[in-house]
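The chain contents come next:
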Amino acid sequence: MATRAISWLDERTGLLTVWRVVLDRKVPRVNWWYTLGSASLFLALTQTVTGILLSMYYVPTPEEAYNSIQYIMNDVAFGWLIRGIHHWGATMMVLTVFLHMLRVFYYGAYKYPREVTWLTGVVLLLATVGLGFTGYLLPWNQRAYWATAVGTSIVGTVPLLGDFLLRVLRAGADLSFLTLARFFGAHIWVLPAILFAMMGVHLYLVIRNGISYVPRRDE
Ligand code: HEM
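What comes next is a walk through the structure. (Residues numbered from 1 in each chain as written. Predicted model: local features only at pLDDT ≥ 70, side-chain atom pairs only at ≥ 80, totals over all residues. Heavy atoms only, no water.)

Under the criterion given, the structure shown has 1 salt bridge. When the shortest N-O distance is used, the salt bridge between Arg-167 and Asp-163 registers 3.7 Å. Taken together, the residues span about one helical turn, with Arg-167 and Asp-163 both in helix α8 (residues 162-170) at a distance of 4 residues. (Salt bridge = Lys/Arg side-chain N within 4 Å of Asp/Glu carboxyl O. Helix = DSSP H or I, 4+ residues; strand = E, 2+ residues; numbered from the N terminus.)

Take the packing of helix α3 (residues 36-55) against helix α9 (residues 177-209) next. Two elements in contact, α3 and α9, have axes separated by 12 Å at closest approach and are oriented at 155 degrees. Here α3 lies roughly antiparallel to α9, going by the angle between them. When you trace α3 past α9, the crossing you get is left-handed. Residue-level inspection shows Leu-41, Ala-44, Leu-45 and Thr-48 of α3 in contact with α9, the latter providing Leu-195, Phe-196, Met-199 and Leu-203. For the contact of α3 with α9, the per-class residue count stands at 7 nonpolar, 1 polar and no charged. (Axes fitted to C-alpha atoms, helices over the stretch in contact; angles between N-to-C directions. Parallel < 35°, antiparallel > 145°, perpendicular 65-115°, else oblique. Left-handed = near helix turned anticlockwise from the far one by under 90°. Contact = heavy atoms within 4.5 Å. Nonpolar A, V, L, I, M, F, W, Y, C, P; charged D, E, K, R; others polar.)

Let's shift gears to unusual backbone geometry. Excluding glycine, a negative phi dihedral is what most residues carry, and trans is how most peptide bonds are arranged. Of the consecutive residues Tyr-112 and Pro-113, the connecting peptide bond is found in the cis state with omega at 0 degrees. With respect to the helices, strands and loops of the structure, Pro-113 is situated in the loop between α5 (79-106) and α6 (115-137). The backbone of Trp-140 sits at a positive phi, close to 55 degrees, despite the residue not being glycine. Note on placement: Trp-140 falls in the loop between α6 and α7 (142-155). In this structure Trp-140 comes out as buried when scored by relative accessible area, which is 16%. Positive phi, normally seen in glycine, also occurs at Ala-171, with a value near 60 degrees. With respect to the element layout, Ala-171 can be found in the loop between α8 and α9. (Buried < 20%, exposed > 50% of the residue type's maximum accessible area, 1.4 Å probe, protein only.)

Donor atoms from the polypeptide that coordinate the iron atom of the ligand comprise His-100 (NE2) and His-202 (NE2), at 2.1 Å from the metal. Geometry at the iron atom of the ligand is octahedral, judged from its 6 donor atoms and the angles of 87 to 180 degrees they form at the metal. Here His-100, found in helix α5, pairs with His-202, found in helix α9; they are 102 residues apart in sequence, far enough to count as distant. In this structure, His-100 and His-202 share a single accessibility class: buried. (Donors = N, O, S within 2.8 Å, 3.2 Å for Na, K, Ca; no water. Tetrahedral: all angles 85-135°; square planar, octahedral: opposite > 155°, others 65-115°.)

What follows is about the packing of aromatic side chains. Tallied over the full model, the rule gives 10 aromatic pairs. For the ring pair Tyr-106 and Tyr-107, a centre distance of 5.8 Å and an interplane angle of 35 degrees mean the geometry is tilted. Note on Tyr-106: relative accessible area 69%, which makes it exposed. Its relative accessible area of 17% is what places Tyr-107 among the buried residues. Ring centres of Tyr-145 and Trp-146 lie 5.0 Å apart, and the angle between their planes is 75 degrees; this geometry places the pair in the edge-to-face category. Linked through ring pairs, Tyr-34, Tyr-106 and Tyr-107 together constitute an aromatic cluster. One Lys or Arg, Arg-103, reaches over the ring of Tyr-34 and ends 3.8 Å from the middle of that ring. (Phe/Tyr/Trp six-rings, centres within 6.5 Å; stacked < 30°, edge-to-face > 60°. Lys NZ or Arg CZ within 6 Å of the ring centre and 35° of its normal.)

Shown next as structure tokens:
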């Protein structure tokens, strides 16, 4: 019965081909370091789910941001857990993405034919760090405020473009309600859109080119 249902669906959608190409591919004998890409993917999905849940209670205004986080922590059922997962997931994701990049670099997996996979990876790294940076301001507490004040003023020291970049980031000369709105918009729309689009291309290329094998000592 199940087999017939699957072949009925496959005839109309090509589902089994997708399954074979995506999940049933041959991979070389590798080691635990090769799991870091999938760990990053898992964390990106976890962050998305917990982030969507948080956005149902978080209010991105200077008056309410801090209070809404307090409300999530103390009054919303399992709010502390969802926020905790989102908080630690962010730290873990920066770590796994970075270690994944180091693995790729150390094994020379960025070389032909995987140069474009590497380039999409660079965008993924920037998007991940950007998500961490923009998310840090959202609790709107003293630490968040001053960390962002310092972080954005570092960008302001870039030669020639510094002042312009600082204004783009802060939505003005100083940190204000507009900065919070801008960081919130970047955190929940712009950067996740870039992340997911790039993850799609990245994973397509990983499947298209296959996974590299562990280099031998004489190579
Ligand atoms: C959100 C971030 C990322 C996700 C979800 C991700 C996901 C993956 C996955 C699942 C693989 C399969 C093999 C493995 O897991 O090691 C992979 C391979 C690869 N990734 Fe990433 N990646 C990310 C970031 C990066 C970064 C920052 C770089 C480098 C700048 C990079 C470069 C590569 C390359 C070159 C491969 C092919 C490696 C090989 O064939 O051995 N990735 N990625």
